[in-house]
Amino acid sequence: ISKSSLMYKNHDVDEDVKRVVKRNKRVINSTPINNLIRIDTLDEYMSHLNKYNDKVVVARVHSPWCKACLAIAPTFNRLARRIPKAIFLDIAITSKNADLQRELNVESLPIGQIYSCKKLVKEMKISRNSFNDFEKSVQYYCDINTCT
């Protein structure tokens, strides 16, 4: 494609693309999810589970190379925005933190875990098809939270 074919009404399309990318990057960076915490190590996981022992903690255990895990990530992030009273942990399993996978006793990915009062109360494989059930479970445990 020649540069002249990228012109539209005397306007450079490349500049439009740069403007859209810049705007989207600004929106993403300007709206942090305050109750979403990325976890990389077993120590971080234990620390956050102990720190938020009076709240419902929701964990998404995934792998960076897993297509199903990547597909469910935006939905998990939206859930974190919709339920600010819960703490959401985003746990990526890699070769560097295999001890974390062993401690969590995770066999397949992606897995959603719900903790209440530091105890695992629900664990289920999460996908686009099953995410509504997972969301209802999170809401249920947030509504009946007896830790406080």
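(A) The arrangement of the packing of aromatic side chains in detail. Using the criterion set out here, one finds four aromatic pairs in the structure. When the centroid spacing of 5.6 Å and the interplanar angle of 55° are considered together, the rings of Phe131 and Phe134 count as tilted. A residue pair is termed a helical-turn pair when its members lie 3 or 4 positions apart in one helix, as Phe131 and Phe134 do in helix 5 (residues 131-143) at three residues. With relative accessibility at 2%, the residue Phe131 sits in the buried group. Owing to a relative accessible area of 0%, Phe134 belongs among the buried residues under this scheme. Look at Tyr140 and Tyr141: their rings are 5.1 Å apart centre to centre, the planes differ by 80°, and that puts the pair in the edge-to-face class. Looking at Tyr140, the relative accessible area reads 46%, which means it is partly exposed. Using a relative accessible area of 17% as the deciding quantity, one classes Tyr141 as buried.

(B) Seen up close, the side chain of Ser130. Looking at the secondary structure, you find Ser130 in the loop between strand 7 (119-125) and helix 5. Judged by its relative accessible area of 14%, Ser130 is buried. Separated by 3.0 Å, the side chain of Ser130 and the backbone nitrogen of Ser127 make a polar contact. When neighbours within four sequence positions are excluded, Ser130 is seen to be in contact with Met124 and Lys125.

(C) Expanded view of the packing of helix 3 (residues 67-82) against helix 5. Contact geometry of helix 3 with helix 5 gives a least axis separation of 12 Å together with a crossing angle of 25°. The angle between the axes of helix 3 and helix 5 places the two elements in the roughly parallel class. Like other packed secondary-structure pairs, helix 3 and helix 5 cross with a definite hand, here right-handed. Side by side, helix 3 and helix 5 meet where Ile72, Thr75, Phe76, Leu79 and Arg82 of the first sit next to Phe131, Phe134, Glu135 and Val138 of the second. Partitioned by chemical class, the residues of the contact of helix 3 with helix 5 number six nonpolar, one polar and two charged.

(D) Highlighting unusual backbone geometry. In the segment running from Leu109 into Pro110, the intervening peptide bond is cis, with an omega of -10°. By the element assignment, Pro110 lies in the loop between helix 4 (98-104) and strand 6 (111-116). Phi is positive for Asn105, close to 55°, though the residue is something other than glycine. As for its position among the elements, Asn105 is in the loop between helix 4 and strand 6.

(E) Representation of the confidence of the model for the protein chain within the structure. Overall, the predicted model of the protein chain reaches an average pLDDT of 82, with 79% of residues at or above 70. Contacts from residues 1-14, a stretch scored under 50 in pLDDT, to residues over four places away or in other chains number eleven contacts.

What counts and what doesn't
The residue numbers shown here count from 1 along each chain, following its written sequence. Restriction of local features to residues with pLDDT of at least 70 applies here, the model being predicted, together with a cutoff of 80 or more for giving and counting side-chain atom pairs; totals for whole chains, interfaces and linings are based on all residues. Neither water nor hydrogens contribute to the side-chain values; these are computed over all heavy atoms in the structure. Each Phe, Tyr or Trp ring (for Trp, its six-membered ring) is paired with any other whose centre lies within 6.5 Å, and the angle between the two planes then decides the class: stacked below 30 degrees, edge-to-face above 60, tilted in between. Helix numbering and strand numbering both begin at the N terminus, where a helix is a DSSP run of H or I of at least 4 residues and a strand a DSSP run of E of at least 2. Note on exposure labels: buried denotes an accessible area under 20% of the residue type's maximum, exposed denotes more than 50%, and partly exposed covers the range between, all computed with a 1.4 Å probe on protein chains only. A 3.5 Å cut-off defines polar contacts: any pair of N or O atoms within that distance qualifies, except that in protein one atom must be a possible hydrogen donor and the other a possible acceptor, and neighbouring residues in sequence count only when both atoms are side-chain atoms. We call two residues in contact when some of their heavy atoms are within 4.5 Å. Axis lines are fitted through C-alpha atoms, for helices just across the contact stretch, and the angle between N-to-C directions can take any value from 0 to 180 degrees. Any angle from 65 to 115 degrees is called roughly perpendicular, while one under 35 is roughly parallel, one over 145 is roughly antiparallel, and all others are oblique. Crossings are assigned a handedness: left-handed for a near helix turned anticlockwise from the far helix by less than a right angle, right-handed for a clockwise turn. Only Asp, Glu, Lys and Arg are considered charged, only Ala, Val, Leu, Ile, Met, Phe, Trp, Tyr, Cys and Pro nonpolar, and every remaining residue, Gly among them, polar. Per-residue confidence from the predictor is given as pLDDT, running between 0 and 100.

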